[in-house]
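Secondary and tertiary structure notes
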Amino acid sequence: MSASPLRRRTVRWQPLLCLLLCAGLAACNTTRPRLPAMSVTPAPAVETPQPLDDIGPLLNYHQALRRMSQGELIKELSGLMQQKRTPRVTLQTGMVLMLTRGNGDLARAQGLLDSVANSTETNSAPYKPLAQMLSSYCGEARRLAEHVDRLNAQLGTQQKDSQRRIDQLNEMVEELKNIERTLPVRPAAPATGVKK
């Protein structure tokens, strides 16, 4: 009894089907490189230097300084000068000098702030961005102050020139009045009447 054509085809495809299934299963079982297991424990917090916590209070300190009178600022500056020189105290001293109105205080403030901004000490690192910002503010304020001084000098020169011209004109007016006083009085013209 011969096999039906359908059965012959099925028998022919069975080994091929079996081979494909084995290949598929082998592909599923290929070992991939194992990735490191994900840690479920939280990563330790990054250690940050303690002075970073001082930036907020330093900004509040600067705002408090802006509300002080000149006498209070001088007193605050005196207290800071007696403290041990640290990056924080140097920064505070610069902040005070930015607000006092003494001659050269802005330049002194900028020098102190630059010393913190350019310091290589590790305890200065957290203060550097604030010091750089305040130093650039000082530089801009100094440029503006110098510009105002130049404008005031020019204005003063112009006012002096204007005052000198006014004085010269007043002298000329007085001289003209004196000349007018010395002129002989002109005789009155005879009245001309109509003859009838």
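On a predicted model such as this, the values are computed, not experimentally measured, just so you know. (Residues numbered from 1 in each chain as written. Predicted model: local features only at pLDDT ≥ 70, side-chain atom pairs only at ≥ 80, totals over all residues. Heavy atoms only, no water.)

Comments concerning the nonpolar core
To be explicit about the condition: To form a nonpolar core, buried Ala, Val, Leu, Ile, Met, Phe, Trp, Tyr and Cys residues must be joined to one another through side-chain atoms within 4.5 Å. We call a residue buried when its accessible area falls under 20% of the maximum for its residue type, exposed when it is over 50%, and partly exposed in between, using a 1.4 Å probe and counting protein chains only. Working definition: helices are DSSP H or I runs of at least four residues, strands are E runs of at least two. Numbering for both runs from the N terminus.
Ranked by internal contacts, the top residues of the largest apolar core, which has 22 residues, are Leu58, Leu91, Met95, Val96, Leu130 and Leu134. Elements supplying a minimum of two residues to this core: helix H2 (55-66), helix H3 (70-81), helix H4 (87-99), helix H5 (105-117) and helix H6 (128-182). If you tally residues by element for this core, the top one is H4, at six residues.

Section: the pattern of salt bridges
Using the following cut-off: Here, a salt bridge means any side-chain nitrogen of Lys or Arg that lies within 4 Å of a carboxyl oxygen of Asp or Glu.
With the rule as written, the count across this model stands at four salt bridges. Note that Glu140 is salt-bridged to Arg143, the shortest N-O span being 2.9 Å. Of the two residues, Glu140 and Arg143 are both situated in helix H6; the distance of three residues between them amounts to about one turn of the helix. Using a relative accessible area of 38% as the deciding quantity, one classes Glu140 as partly exposed.

Here's the deal with the confidence of the model for the protein chain
Here is the rule: A residue's pLDDT is the predictor's confidence in that residue, given on a scale from 0 to 100. Note on contacts: a residue pair qualifies if any of its non-hydrogen atoms lie within 4.5 Å across the two residues.
The predicted model of the protein chain has a mean per-residue pLDDT of 80, with 68% of residues at 70 or higher. Mean pLDDT values for the elements of the protein chain range from 59 in helix H1 (residues 5-29) up to 95 in H4. Taken together, the stretch residues 46-51 has pLDDT below 50 and engages in three contacts with residues farther than four places along the chain or on a different chain.

Quick notes on H5
The condition is simple: Multiplying 1.5 Å by the residue count of a helix minus one yields the expected span of that helix.
In this model H5 runs 18 Å from its N-terminal to its C-terminal C-alpha over 13 residues, within 8% of the 18 Å that 1.5 Å per residue would give. On the buried face of H5, the contacting elements are H4 and H6.

Some details on the side chain of Gln110
Formally: Whenever a nitrogen or oxygen atom comes within 3.5 Å of another N or O atom, the pair is scored as a polar contact, on the condition that within protein one atom can donate a hydrogen and the other can accept it, and that pairs from neighbouring residues in sequence are kept only if both atoms are in side chains.
Mapped onto the elements, Gln110 comes out in helix H5. Given a relative accessible area of 16%, Gln110 falls into the buried group. A distance of 3.5 Å separates a polar atom in the side chain of Gln110 from the backbone oxygen of Ser135. When neighbours within four sequence positions are excluded, Gln110 is seen to be in contact with Ser135, Cys138, Gly139 and Arg142.

Describing the environment of Tyr137
Mapped onto the elements of the fold, Tyr137 is located in helix H6. For Tyr137, a relative accessible area of 47% corresponds to the partly exposed category. For the pair Tyr137 and Met98, spaced 39 residues apart in sequence, the C-alpha to C-alpha distance is 9.2 Å.

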